[in-house]
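# Examining the three-dimensional arrangement
Spelled out from the first residue to the last, the chains are:
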Amino acid sequence: SLQSGAAEGPAEAAVGREDGGCEGLWELPVERCVRRAECGRCRRPRKVCLCPFFPVHPLKVSTCLYIIQHPAEESRVLRTVPLLAACLPGDKCKVLIGRRFGEDRYPELAAVCQNSNTLILYPGAEAANLEEVALIFPSPSTIIIIDGTWSQAKDIFYKNSLFRLPKQVELKTSISSQYVIRTQPTNTCLSTLECAAIALAIMEKNDGIRETILRPLQALCSFQLQHGAQIHHSKEHLLKNGLYDKPMPKNKRKLRRMELLVNNVKI
């Protein structure tokens, strides 16, 4: 009516003008989001498929790996455990995800930990050199590896009594990590895949195993760097070269750990 038209205020008039200006937009065609074609095996976009870098057939190994994976690792896009699993037979690489592993809920794992032929790869004062242990250790054997950040791995190791049953071993190596798209605490800290590759090569007495397992990791890092990723130097490298750009921690324990990194003290 004329009365309602006369009552229209500035705000209502503005809304009317805005609606009129948007009329043409509703008629524009909507572009559908099309997902990039993925490889059915490695689940990566076909342009960066890693399958050509996996062995044609799973590696024949007698050693069995149990990967104890922290739940946070499962959601990471650039994780290394799937690459490791793609190189090995399914019965030689078993992945268990969780933080706490009790005998009642994980009877198979408990039996593995209680077996005298099982080793757990975790560095520490009580850990023996894997190369020395491999010379006298019976075959076939099992190696348990914890997959997570160093703090996550420490939490899993010390809060699960099962993992203190196997013989504890560590890798005595000065090899630098090739997993350069993720920051490591020190220059010699290795990814789960790299630890597994070196450990299997030692236990199987076959250096070719290490080269085969590292190939997809090298390809992954190369693809990421080609598509804009940056090389991640270790925290040790950044601190020693004055490149660490984050605020220093106020926590005295964390600050002490950083001092040890700079002074080449093993932590």
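With an unreviewed UniProt entry as reference, the protein is termed tRNA-uridine aminocarboxypropyltransferase, source organism Chelonoidis abingdonii. Comment text from UniProt for the protein, heading Catalytic activity (unreviewed entry), reads "a uridine in tRNA + S-adenosyl-L-methionine = a 3-[(3S)-3-amino-3-carboxypropyl]uridine in tRNA + S-methyl-5'-thioadenosine + H(+)". The Sequence similarities (unreviewed entry) field of the UniProt record for the protein holds the comment "Belongs to the TDD superfamily. DTWD2 family."

Per the secondary structure count, the protein includes eleven helices and six strands. The 267 residues of the protein split such that 40% are buried. Long-range pairs, those at least 24 residues apart, make up 70% of the contacts in the protein with a sequence separation of at least 6. As displayed, the protein offers around 16600 Å² of accessible surface, 53% of which is attributable to carbon and sulfur atoms.

Attention now goes to the packing of helix H8 (residues 192-204) against helix H9 (residues 207-226). One way to put it is that H8 packs onto H9 with a least axis distance of 7 Å and a crossing angle of 165°. When the axis of H8 is compared with that of H9, the two are roughly antiparallel. Taken as a pair, H8 and H9 cross one another with a handedness that is right-handed. On H9, the residues that touch Leu193, Glu194, Ala197, Ile198, Leu200, Ala201 and Glu204 of H8 are Asp207, Ile209, Arg210, Ile213, Leu214 and Leu217. Residue composition of the contact of H8 with H9, by class: nine nonpolar, no polar and four charged.

On to the pairing of strand S1 (residues 64-69). Taken residue by residue, a regular strand's side chains alternate between the two faces of the sheet. Buried residues dominate S1, accounting for six of its six residues. Here S1 shows two buried faces, one formed by Cys64, Tyr66 and Ile68 and the other by Leu65, Ile67 and Gln69. Here S1 pairs with strand S5 (residues 142-147) via six bridges, running parallel. Within the sheet, the bridge partner assigned to cysteine 64 lies in S5 and is threonine 142. Two strands pair when backbone bridges link them, and S1 and strand S2 (residues 93-97) are joined in this way by five bridges, in the parallel orientation. Within the sheet, the bridge partner assigned to isoleucine 68 lies in S2 and is leucine 96.

Definitions and cut-offs
- Residues numbered from 1 in each chain as written.
- Predicted model: local features only at pLDDT ≥ 70, side-chain atom pairs only at ≥ 80, totals over all residues.
- Heavy atoms only, no water.
- UniProt positions renumbered as here; feature names shortened; annotations may be inferred.
- Helix = DSSP H or I, 4+ residues; strand = E, 2+ residues; numbered from the N terminus.
- Buried < 20%, exposed > 50% of the residue type's maximum accessible area, 1.4 Å probe, protein only.
- Contact = heavy atoms within 4.5 Å.
- Areas by Shrake-Rupley, 256 points an atom, 1.4 Å probe, with all protein chains shown as cover.
- Axes fitted to C-alpha atoms, helices over the stretch in contact; angles between N-to-C directions.
- Parallel < 35°, antiparallel > 145°, perpendicular 65-115°, else oblique.
- Left-handed = near helix turned anticlockwise from the far one by under 90°.
- Nonpolar A, V, L, I, M, F, W, Y, C, P; charged D, E, K, R; others polar.
- Pairing = 2+ DSSP bridges.

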